[in-house]
Amino acid sequence: MKLLTSGHILVLWLFSWVIMCSTSSSLNLYSDVTLRPLLFMFLSSCLYSTTSVLAHTFNSMNELSQHVGFMIDYYGICVYAFVTAISNLSYAFPDSWRSTRVEQSFIAASFLSTLLAISLACKSRFPKFGLACKLMRLLPFVLSYVISMSPLLYRVTMEYDAKDGTVHYYRHFIDAVFTFGFYSSHFPELAFPGYFNVYFHSHQIFHVFVALGTYFKLRGLMADYESGHTFIEIPNCTLLVSLAALTKALVTLYYIWKMHSVKKGKQSSLDHHHGYCNGNGNTHDSMAYNGVKKMNIKRL
């Protein structure tokens, strides 16, 4: 079951390997500065798929590993979302948005939205939030997706051209509709109870569509670059990505430490309760002492 649940990483890595092989043969992917955002897209795609696999693989060990695993998963998603914004600005930004306040504030807005997303998503793993936890996870991720993908949505609706990457972006948004549909509807396991509880349930299908959406996005960025779409050079691109990844890593580590402290405190409280109190005001140690005393009296 875990192999099937984690199978999306094989699909995504296969897509990334095919694209990188076809790109590196004709383009200087590793040394050309103009291709640096595209390289970061490949790496972040593999990162978020790897963290997702780790989260789904180890979530059944215990409650602490489940929460920690998904916090790491949120980290990979947020790094990928920020790198997506960097790549969209570099290769796919609409011509009518250039040299405007939208372009000037785009990276900052994406950074803040992804930082908010990982903070609220990690915080939602704590039990005190109850039913609100799903909204705390979903809404910030939707916001960061809308911000990072807004240039592509504008081009698909207002500047569609089958000769550049917009055709791939169109496929990506169609794929996104199916992705959200399977994620929210829980089809087919709700429609056919008992048949898809383990294999081919909605969350597995959701991951397949996520991988396809990433593939379409990568193809679109490559098509824009090769078609000569205007390239926007981002100063200190590597530094920006590194700082964003480091900042989100620190936030994730903070909430992991906080979760570990909460679980450790709860376990200590349970150990204290079960080890020293029997519920009637007597301690287990005193009960053990009294029991030994009675045994000795009987022996005497």
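Residues numbered from 1 in each chain as written. Predicted model: local features only at pLDDT ≥ 70, side-chain atom pairs only at ≥ 80, totals over all residues. Heavy atoms only, no water.

### Here's the deal with the pattern of salt bridges
Any two side chains of opposite charge can pair if their charged atoms end up close together. Cut-off, in case you're wondering: Note on definitions: salt bridges are taken to be side-chain nitrogens of Lys or Arg within 4 Å of carboxyl oxygens of Asp or Glu. Using a 1.4 Å probe on the protein chains alone, a residue whose accessible area is under 20% of its type maximum counts as buried, one over 50% counts as exposed, and one in between counts as partly exposed.
For the structure shown, the criterion picks out 3 salt bridges. We note a salt bridge from Arg98 to Asp95, for which the minimum N-O separation is 3.2 Å. Look at Asp95 and you get partly exposed, because its relative accessible area is 45%. Residues joined by salt bridges that share partners form a network here, namely Arg155, Asp164 and Asp224.

### Quick notes on the packing of helix α5 (residues 101–123) against helix α6 (residues 133–158)
For the record, the criterion: Geometry is summarised by axes, namely lines fitted to C-alpha atoms with helices restricted to the contacting stretch, and by angles between N-to-C directions that run from 0 to 180 degrees. Secondary structure elements are taken from DSSP: a helix is a run of H or I of four residues or more, a strand is a run of E of two residues or more, and numbering for both begins at the N terminus. Oblique is the label for every angle not falling under 35 degrees (roughly parallel), over 145 degrees (roughly antiparallel), or within 65 to 115 degrees (roughly perpendicular). Handedness of a crossing is defined here by the sense of rotation of the near helix relative to the far one, left-handed for an anticlockwise turn of less than a right angle and right-handed for a clockwise turn. In this analysis, two residues are considered to be in contact whenever any of their non-hydrogen atoms come within 4.5 Å of each other.
Look at α5 against α6: their axes get within 8 Å of each other, and the N-to-C directions meet at 160°. In this view, α5 runs roughly antiparallel relative to α6, as classed from their interaxial angle. Where α5 crosses over α6, the handedness of that crossing is left-handed. Facing α5, whose interface residues are Phe106, Ala109, Ser110, Ser113, Thr114, Leu116, Ala117, Leu120, Ala121 and Lys123, α6 presents Met136, Arg137, Pro140, Phe141, Leu143, Ser144, Ile147, Ser148, Ser150 and Pro151.

### Some remarks on unusual backbone geometry
Cis peptide bonds are those with omega within 30 degrees of zero, and the linkage from Phe187 to Pro188 qualifies with 15°. Position of Pro188 relative to the elements: it lies in the loop between α7 (166–185) and α8 (202–226). Notably, Phe200 is not glycine yet its phi reads approximately 60°, a positive angle. Considering the arrangement of structural elements, one finds Phe200 in the loop between α7 and α8. The exposure class of Phe200 is exposed, given its relative accessible area of 54%.

### Examining α5
An α-helical segment advances 3.6 residues per turn. Residues three or four places apart therefore align on the same side. Under the convention used in this document: Each residue after the first adds 1.5 Å to the expected span of a helix. The term bend refers to the angle at a residue between two fitted axes, each drawn through seven residues, those ending there and those starting there.
Its 23 residues give α5 an end-to-end C-alpha distance of 32 Å, which sits within 8% of 33 Å, the value for a rise of 1.5 Å per residue. Largest kink in α5: about 35°, centred on Ile107. Here α5 has its buried residues at Glu103, Phe106, Ile107, Ser110, Ser113, Thr114, Ala117, Ile118, Ser119, Ala121 and Cys122.

### Quick word on the packing of aromatic side chains
We count it as follows: Centre distance within 6.5 Å is the pairing criterion for rings of Phe, Tyr and Trp, where only the six-membered ring of Trp is used; planes under 30 degrees apart are then read as stacked, over 60 as edge-to-face, and the remainder as tilted. Counted as over-ring charges are cases with an Arg CZ or a Lys NZ within 6 Å of the ring centre that also lie within 35 degrees of the ring normal.
Evaluation of the coordinates by the stated rule reveals 18 aromatic pairs. An angle of 10° between the planes, with centres 5.7 Å apart, marks the rings of Phe178 and Phe209 as stacked. In this pair, Phe178 is assigned in helix α7 and Phe209 in helix α8, connecting sequence segments 31 residues apart. Linked through ring pairs, Phe93, Trp97, Phe106 and Tyr154 together constitute an aromatic cluster. Over the ring of Phe82 we find Lys248, and its NZ or CZ is 5.4 Å from the ring centre. If you follow Lys258 out to its NZ or CZ, it ends over the ring of Phe126, 5.7 Å from the centre.

Functional significance is not addressed by these values, which are geometric in nature.
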